Amino acid sequence: MKLLSTKSARRRFTVGRDAHGVPHISAGTWREALHGLGYMHAIDRPTQMLFARAVASGESAELIADKPELLEMDRFFRRVGLYLNLDEEVKQLDDETFDQLTAYCEGVNDGMKDSRRSLPMWAVGFVPQPWNQRSVLLLGNLLSFGGLAVGQQENERILLELIQAGVAQDKLRELFSPLLDHADFDLLRSIKMTQQLSDDALELLTDLPRLAGSNAWAVGPKRSATGSALIASDPHLEVNRLPAIWYEAELHWGSGGEHYVLGATLPGCPLFAVARTANVAWGVTYLKGDTVDHFIEDCRTTDGRMQYRREDTWHDFLVRTEEIGRKGGEPEAMHVYYNDQGTLDAELQVGAEGHYLSTRWIGDHLGTSQSMAAWLDVVGCESAAEGMDIARDCPVPTLCWVFADRKGHIGMQGNGWFPKRSNEYSGMLPIPAWDERNHWRGRLGTNVLPRIYDPPEGYVATANENVNQPGKPMLVTQPVPEYRKRRIEERLREMSQPTLEDMQQLQYDVVSLQARDLLAVFLPCLPEGSIKERLTQWDCSYTPDSYEATLFSRFYRNVLLEIFGHEENIGWRRMMYLCSRMGFSTMVLTAIDKLLLKDDSLWWRGRDKAELIRRAAEKLVEEKEQPWSVINGFHFTNRFVESRFVGRAFGFHTGEMALPGCYATPFQGHLLRAARREASFAPSYHFVADLGTDEAWTNLPGGPSESRVSGYYKNDIPRWRTGNYKRLAVEDESD
């Protein structure tokens, strides 16, 4: 192993890289090991950390570059205010957590001295500032809020736009039943919508650390081939941007190095998202909990003051003035209007009146710094049950944790703070803030969170499925289809004695249960012929060389356009947007898939459903035959190099590669197309482990270093593409 120089480190540790570039940090104490982790984050990923902090704090146009999309993002994050309570959150940290964060931050700052400015920093004149506890908590807030901003809030806006576009009330109620049962459509149509983020700004937002989809499962010792518990976890994020989101590391400490943790960390934070120790292993999936709500504020201007209504009484908004700096230009002032129910989405002008949206997020409540303590405490837990208890009390983000331990116990635990809403309100649509019966009434207790321990089936799995429980409050209002979860459980049931190799193969499974379910509806409607024969014989696998995967994908799109794109429904243009890669809405398509399984619906009443499906199939003959590799091709590009020519010419970007799978398969190979670039959602880290050993098997789409000239810039991509795994275990300088 190659030892590295750590000349500026103020605490004692040694670090070396294994053959794959993964750092192995050896220290006498846990705090010294954390110091080493911070040091290596700064050595290998300084730009990733510092630029993310600048964007999350709303200072990117001042610190990075005065570009329209960065200025737009600054306005967005200044209004959201992820930074507002950070000083108080730092004060609320317990001494143990504060000391651990201090050790980590000192390591980051020492590493910054030795790494100096990166090429992207030098190119834009970026001057690094010290890393501190505020920085760690800010990135934690960003990770928690990012999935909500891109997912939950954008989908709620889409639904509101469908209502304001005049889509029939009875059809929308049926499509999203029962979530719209109490919706006041006339009131919702009266809301004055603000302009949504531009495509360029949305691209920046999707590029930041956030949670989207994931898989995780564990198998008990009675079912496994080794007689020990097995665990597999693969968080799904945007993968085609280098450097990779996650940073692998192995830390060991103690007088004889008897304590260790190894797995995926987030640069800028001392957390292990997917990892194992000698006793316990864990992985997480996004629970997709609805912890953010829109309220409708009735606004007016009185004597130059912006006001809102509560019942029949008018009150002045509180106003926060944000000065947004611009690199080389004059700063601009932005007024943020807020009250105890949330922050107004618009900057009101004198004379403005009417109904506007405000936003409230549970993460604005003091105490979310407990989340960082939970992540740190999990490393020291001795059992799955203890880990589950720690995870349960983690405030944000909402997750499903899967645990397995050395003694053979397995479990799944949900976490997160959830607002206590009125019984008639799901959180899916905005409701009047002037009616105080609609206001949040504190937080739900942890007894509503899902929890499974040593299930009789001998396995536990989670994949962003609907975790709402009968008789309990609704935690998830926009669940994704359960295709991935069902496929994982289907394969686990079929495996009598699963091995690590079986777990790895399941992480690369590309069979779509969506295709299987819908073909059972579509195929009986088709006449005998080539299309019916090919799709009947297809195994529903989205392999790169499959022509049938492309055929079904186009068939499905055509069915949606025939049925829901009708002028009396959603309309062809809007439906094409919602089912294409430009505006893909999992929320809408999840609801549509359920509806398509029914024989009768308002959406095709008066029309022959079978005839519409036949018509959709007939249009397939007009399209060129192509394998899935052509349809689902993508490139790895560098986060900090915009020019495609420069990126390709100097090796920052890659050529086109085929991405297997689709959004409905365990290997979620899902591509989106934005204004100027492609976005992807796929496994951002593969991790499997046998708890009877002291190792894990992993790969990720990237490498340890963000530097193009490093041999560890993208060295793990070949393994990630081909399904090969590397061994990750405790190593020191003697190995």
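Summarised in this report is the structure supplied together with it. Numbering of residues starts from 1 in every chain and runs along the sequence as written. In view of the model being predicted, local features appear only for residues whose pLDDT reaches at least 70, and side-chain atom pairs are presented and counted only at 80 or more, with totals across whole chains, interfaces and linings using the full set of residues. The side-chain numbers reported here are obtained from all heavy atoms of the structure, hydrogens and water having been left aside.

Along strand 18 (residues 399–405), 7 of the 7 residues are buried, which leaves the element largely enclosed by surrounding structure. Here's how the labels work: a residue is buried when its accessible area is under 20% of the maximum for its type, exposed when over 50%, partly exposed in between, all with a 1.4 Å probe on protein chains only. Under the scheme used here, helices are H or I runs from DSSP no shorter than 4 residues and strands are E runs no shorter than 2 residues, and both carry numbers assigned from the N terminus. Residue alternation in strand 18 divides its side chains into two sets, L399, W401, F403 and D405 and C400, V402 and A404, and both sets are buried. Inspection of the sheet shows strand 10 (residues 280–286) paired to strand 18 by 7 bridges, in the antiparallel sense. In the strand pairing of strand 18, V280 is matched with D405. For two strands to pair, DSSP has to find at least two bridges joining them. Joining the antiparallel neighbours strand 18 and strand 19 (residues 410–415) is a turn of 4 residues, in which G408 adopts a positive phi near 100°.

The element helix 2 (residues 46–56) is extensively covered by neighbouring structure, given that 11 of its 11 residues are classed as buried. Every buried residue of helix 2 is listed here: P46, T47, Q48, M49, L50, F51, A52, R53, A54, V55 and A56.

Neither face of strand 22 (residues 459–462) is left uncovered, since the one carrying Y459 and A461 and the one carrying V460 and T462 both have all their residues buried. Note: strand 4 (residues 213–219) against strand 22, 4 bridges, orientation antiparallel. For W217, the partnering residue across the bridge sits in strand 22 and is A461.

For the bond from S177 to P178, the omega torsion is 0°, close enough to zero to count as cis. As for its placement among the helices and strands, P178 is situated in the loop between helix 9 (169–175) and helix 10 (185–189). Omega for the bond connecting L242 with P243 falls within 30 degrees of zero, at 5°, which places this linkage in the cis form. In this structure, P243 sits in the loop between strand 6 (241–242) and strand 7 (247–253).

So, on to a negative patch on the surface. Patch rule: a residue counts if its relative accessible area is over 30% and it has no salt bridge; like charges are joined within 9 Å, and nonpolar side chains (Val, Leu, Ile, Met, Phe, Trp, Tyr) within 5 Å. Where accessible areas are quoted, they stem from the Shrake-Rupley method and a 1.4 Å probe; at the residue level, only the protein chains shown are allowed to cover. Any Lys or Arg side-chain nitrogen located within 4 Å of an Asp or Glu carboxyl oxygen qualifies as a salt bridge. Positive charges are assigned to Lys and Arg, negative charges to Asp and Glu, while His and the chain termini are left out of the count. Here the site of a charge means NZ on Lys, CZ on Arg, CG on Asp, or CD on Glu. A cluster of acidic side chains, namely D94, D95, D377, E382 and E386, defines a negative patch on the protein surface. Position of E386 relative to the elements: it lies in helix 13 (residues 384–392).

Structurally, the position occupied by D293 is in strand 11 (residues 292–302). Any pair of N or O atoms that falls within 3.5 Å is considered a polar contact. Within protein, one atom must be able to donate a hydrogen and the other to accept it, and sequence-neighbouring residues count only if both atoms are side-chain atoms. At 2.7 Å, the side chain of D293 and the side chain of R421 are in polar contact. The contact criterion used throughout is that any non-hydrogen atoms of two residues lie within 4.5 Å. Among all residues touching D293, those that are not within four sequence positions of it are S358, T359, R360, R421, Y425, G427 and W440.

Scope: geometric values only; no functional claims are made or implied.
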